[in-house]
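One letter stands for each residue in the lines below.
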Amino acid sequence: MKVIVGDNEKISKLIAEEFIAQINKKPNSVLGLATGTSPLGVYANLVKANKEGRVSFKNVATFNLDEYIGLEGTHNQSYRYFMNDNLFDHIDIDKSKTHVLKGVGDYIAYMNQYDDEIASFGGIDLQILGIGSDGHIAFNEPGTPFDSLTHIADLTESTIKDNSRLFNDISEVPTKAVTMGLKSIMNARKIVLIATGKNKAKAIRDLLCGPMTEDVPCSILQKHPDCTIYVDEDAYSLVK
Ligand code: F6R
């Protein structure tokens, strides 16, 4: 794994440039996308580059990592809403090629065909990940099998607490989600992970220095052939 250290502005720009280069090299690239606070700067840079004519998303397809169970795509904390609001509504992408797991209705049927659908598009070329303070990637919490495909996950108390900052009250945070599995993520040809802030420091230490174990879901990335970890000084502070 490669590690790149810089402030949020710098690493967000660098990751956006990775996406731009990928799309310019292969205009029908398949992108794996994440929600949360971590990728916001990356998405802002991609919107800017699209408006400047440096990159076009016209032929791109996207697959998101996860979605809360119980939230309609129109709910302002659903991940479909997040993606439209922070990226898709501001770029020239064909929305029918943007895939976000469903959290209501026939969500189980949609979940069961998600990995096959990704494969039918040729697999993910470039995947962006955030990381939870407990070491989760997507909603793969500690103990998730390394060979997991897209599945239903129970969120841990620590994740519910972390994510409650975005809801009116912790009781409103869904306790279950649909998520791509660890194997689904590892199938991506290239992975970039972004982490900033002191509350990610332990997870980043475990990712970079700890043993590869299902107790630390992100540790599976140690065996990915093309994975780069972008961190700020705070997130990197327990590594040196
Ligand atoms: C979101 C996701 C999660 C987040 C993680 C970090 O799609 O898959 O694993 O990346 O919870 O969230 P933030 O970036 O809000 O700290």
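Further up the page is the structure itself.
First things first, this report covers the structure right here in the doc. Remember, predicted model here, so these are calculated numbers, not experimental data.

**Brief notes about the pairing of strand β9 (residues 190–195)**
Where burial is concerned, most of β9 is hidden: six out of the six residues are buried. Covered by surrounding structure in β9 are K190, V192 and I194 together with I191, L193 and A195, the residues of both alternating faces. When strand β6 (residues 126–129) meets β9, the two strands line up parallel, connected through four bridges. Looking at the pairing, I128 lines up with V192 of β9. Relative to strand β10 (residues 227–231), β9 runs parallel, the two being bridged by five bridges. Looking at β10, one finds that L193 is bridged to I229.

**Details of the side chain of T98**
Inspection of the secondary structure assignment puts T98 in strand β5 (residues 98–99). Only 2.7 Å separates the side chain of T98 from the backbone oxygen of K95, close enough to count as a polar contact. Aside from chain neighbours lying at most four places away, what touches T98 is T62, R80, F88 and I93.

**A look at the site of the ligand**
Taken together, 13 residues sit near the ligand, with S38, D66, H136, A138 and K200 positioned nearest. The backbone of T37 places a nitrogen or oxygen atom 2.9 Å from an oxygen atom of the ligand. The separation between an oxygen atom of the ligand and a polar side-chain atom of R165 is 2.9 Å. Here the ligand, which alone exposes 410 Å², has 93% of that area covered by the protein. A breakdown of the residues in the shell around the ligand according to their chemical character gives four nonpolar, six polar and three charged.

**A word on the sheet that holds strand β1 (residues 2–5)**
Taken in spatial order, the seven strands of this open sheet run β1-β10-β9-β6-β2-β3-β5, and their pairing is parallel. For this open sheet the edge positions go to β1 and β5, each flanked by a neighbour on one side alone. Pairing between strand β3 (residues 61–64) and β5: two bridges, direction parallel. Bridge pairing in β5 links T62 to T98. Contacts from helix α8 (residues 201–209) reach β1, β9 and β10 within the one sheet, and its direction differs from that of β10 by about 150°.

**Observations regarding the packing of helix α1 (residues 8–25) against helix α2 (residues 40–51)**
Two elements in contact, α1 and α2, have axes separated by 8 Å at closest approach and are oriented at 50°. Taken together, α1 and α2 sit at an angle that is classed as oblique. For the crossing formed where α1 meets α2, the hand is right-handed. Note on element contacts: α2 touches α1 through G41, V42, N45, L46 and A49, opposite S12, K13, I15, A16, F19 and I20. Tallied by class, the residues present in the contact of α1 with α2 amount to seven nonpolar, three polar and one charged.

**What to know about the environment of N45**
With respect to the helices and strands, N45 occurs in helix α2. With 28 residues separating them along the chain, N45 and E17 place their C-alpha atoms 8.5 Å apart.

**Looking at the sheet that holds strand β4 (residues 66–68)**
An order of β4-β8-β7 is seen for the three strands of this open sheet, with the pairing classed as antiparallel. Looking along the sheet, the strands with just one partner apiece sit at the ends: β4 and β7 (151–154). Within this sheet the neighbouring strands show an average axis-to-axis angle of 30°, counted without direction. Here β4 runs beside strand β8 (residues 176–179); their pairing, made up of three bridges, is antiparallel. Directly across from D66, in β8, lies its bridge partner T179.

What counts, and where the lines are drawn
Residues numbered from 1 in each chain as written. Predicted model: local features only at pLDDT ≥ 70, side-chain atom pairs only at ≥ 80, totals over all residues. Heavy atoms only, no water. Buried < 20%, exposed > 50% of the residue type's maximum accessible area, 1.4 Å probe, protein only. Helix = DSSP H or I, 4+ residues; strand = E, 2+ residues; numbered from the N terminus. Pairing = 2+ DSSP bridges. Polar contact = N/O pair within 3.5 Å; in protein donor to acceptor, adjacent residues only side chain to side chain. Contact = heavy atoms within 4.5 Å. Near = heavy atom within 4 Å. Areas by Shrake-Rupley, 256 points an atom, 1.4 Å probe, with all protein chains shown as cover. Nonpolar A, V, L, I, M, F, W, Y, C, P; charged D, E, K, R; others polar. Axes fitted to C-alpha atoms, helices over the stretch in contact; angles between N-to-C directions. Parallel < 35°, antiparallel > 145°, perpendicular 65-115°, else oblique. Left-handed = near helix turned anticlockwise from the far one by under 90°.

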